[in-house]
Amino acid sequence: MHDNFRDKLRLFFRHRIPLVATFVLVFLFSMPINSLELNYFRPAVGFICVYYWSLKRRYMFSYISAFWVGFLTDSYSSTPFGINILIMMLLVFATEILERYFKAATFGVSWFVFALAGFMLTFIKWLFVSAYFSRFVPLTEIMVNLVSTIMFYPLVVYVNMWVQNNLLPQERINE
């Protein structure tokens, strides 16, 4: 019985590795920068990680994980509280629907789908933020952030792939 509890505990912590890796990346990319201009180029790393993990390891990264990533993003960003939580949950929902089409897709296709999803969800985020402030927020800052997020996608995916290949058990196919 003691070994069974230890195995369950090990499995519990192993399933939290994607969430912990996402938190580490979000913390690294949210470090303060002394330049106001460079703050606009800060990529939404949590957005990339939620997309990657919900597409590659759906059973390890659920709506609850997306909620916590959105909560962390809301706590350090200047957007109204709850908007990033909603966007992250919508992203998990979208990848849940599109998973069967793009799970085994090439990197280029995955990047393109991420760019399309990022554009749509950034537009939804812009609408919610504009409704919250009762006026249209300028699109330039949001679009610069989206472009930097799309540009940093390969780097963040590479780190996540390293975590998946080295820290997580390999999935068995055709069993």
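The following refers to the structure shown.

Conventions we followed
Residues numbered from 1 in each chain as written. Predicted model: local features only at pLDDT ≥ 70, side-chain atom pairs only at ≥ 80, totals over all residues. Heavy atoms only, no water. Helix = DSSP H or I, 4+ residues; strand = E, 2+ residues; numbered from the N terminus. Rg over C-alpha atoms; globule rule 2.2 N^0.38 Å. Buried < 20%, exposed > 50% of the residue type's maximum accessible area, 1.4 Å probe, protein only. Contact = heavy atoms within 4.5 Å. Areas by Shrake-Rupley, 256 points an atom, 1.4 Å probe, with all protein chains shown as cover. Lys, Arg positive; Asp, Glu negative; His and termini not counted. Charge placed at Lys NZ, Arg CZ, Asp CG, Glu CD. 1 Å grid on protein atoms, 1.4 Å probe; cavity = no way out; pocket = protein on both sides within 12 Å on 5 of 7 lines; lining within 4 Å. Points joined across faces, edges and corners; volume = space filled by probe spheres on them. Nonpolar A, V, L, I, M, F, W, Y, C, P; charged D, E, K, R; others polar. Expected span 1.5 Å × (residues − 1). Salt bridge = Lys/Arg side-chain N within 4 Å of Asp/Glu carboxyl O. Axes fitted to C-alpha atoms, helices over the stretch in contact; angles between N-to-C directions. Left-handed = near helix turned anticlockwise from the far one by under 90°. Bend = angle between axes of the 7 residues up to and from the residue. Core = buried A, V, L, I, M, F, W, Y, C linked by side-chain atoms within 4.5 Å.

## A short note on the overall build of the protein chain
From N to C terminus, the protein chain includes 8 helices and 0 strands. In the protein chain, the order of α-helices and β-strands from amino to carboxyl end is α-α-α-α-α-α-α-α. A globule of 175 residues ought to have a C-alpha radius of gyration of about 16 Å, and the protein chain, at 17 Å, matches this closely. Residues counted as buried form 37% of the 175 residues belonging to the protein chain. When contacts within the protein chain are restricted to residue pairs at least 6 apart in sequence, long-range pairs at least 24 apart make up 74% of them. For the protein chain, the accessible area works out to roughly 10,800 Å², and carbon and sulfur atoms hold 70% of it. Of the side chains in the protein chain, 14 bear a positive and 9 a negative charge, and the two mean positions are spaced by 3 Å.

## Here we look at the side chain of Thr22
Within the secondary structure layout, Thr22 lies in helix 2 (residues 17-29). For Thr22, the residues in contact, after removing those within four places along its chain, are Cys49, Trp53, Phe61 and Val69.

## With respect to the layout of surface pockets
In this structure, the largest pocket spans a volume of roughly 940 Å³. Contributing to the lining of the largest pocket are 32 residues, with Ser77, Ser78, Thr79, Lys125 and Asn145 lying nearest its centre. Mapped onto the lining of the largest pocket, the elements with two or more residues apiece are helix 3 (36-39), helix 4 (45-56), helix 5 (63-76), helix 6 (83-102), helix 7 (107-133) and helix 8 (139-167). No other element matches the 6 residues that helix 7 contributes to the lining of the largest pocket. Broken down by class, the residue content of the lining of the largest pocket amounts to 17 nonpolar, 11 polar and 4 charged.

## Overview of helix 4
Think of an α-helix as turning once every 3.6 residues; residues three or four places apart then point the same way. In a regular helix each residue adds 1.5 Å, so 12 residues correspond to 16 Å; helix 4 covers 16 Å between its end C-alpha atoms and thus fits that length. Taking burial as the measure, the 12 residues of helix 4 include 11 buried ones, the bulk of the element. Every buried residue belonging to helix 4 is among Val45, Gly46, Phe47, Ile48, Cys49, Val50, Tyr51, Tyr52, Trp53, Ser54 and Leu55, and all of these are buried. Looking at the packing, one finds that the buried side of helix 4 touches helix 2, helix 5, helix 6, helix 7 and helix 8.

## Concerning the pattern of salt bridges
If you walk through the whole model with that rule in mind, you get 2 salt bridges. The salt bridge partner of Asp7 is Arg10, with a shortest N-O separation of 3.3 Å. Residue Asp7 and its partner Arg10 are both found in helix 1 (residues 2-14); the two are separated by 3 residues, about one turn of the helix. Given the relative accessible area of 43%, Asp7 is considered partly exposed. Residue Arg10 is classed as partly exposed on the basis of its relative accessible area, which comes to 47%.

## Remarks on the packing of helix 4 against helix 6
Following both chains from N to C, one finds helix 4 and helix 6 inclined at 35 degrees, their axes separated by 9 Å at the closest point. Considering the relative orientation of helix 4 and helix 6, their crossing is right-handed. Residues Gly46, Phe47, Val50, Tyr51, Ser54 and Leu55 of helix 4 touch helix 6, and the partners they reach there are Ile87, Met88, Leu91, Val92, Thr95, Glu99 and Phe102.

## Describing helix 6
Where helix 6 bends most, the angle comes to about 40 degrees, and this point is Glu96. Every buried residue of helix 6 is listed here: Ile83, Asn84, Ile85, Ile87, Met88, Leu91, Val92, Thr95 and Glu99. Elements that come into contact with the buried residues of helix 6 comprise helix 4, helix 5 and helix 7.

## Some details on the nonpolar core
Counting residues in each nonpolar core, the largest one holds 34 residues, and the members touching the most others are Phe47, Val50, Tyr51, Trp53 and Leu91. Of all the elements in the fold, those that place two or more residues in this core are helix 2, helix 4, helix 5, helix 6, helix 7 and helix 8. The biggest single contributor to this core is helix 4, with 9 residues. Here Phe47 is in contact with Ile87, Met88, Leu91, Phe114, Ala117, Gly118 and Leu121, once residues within four sequence places are set aside.

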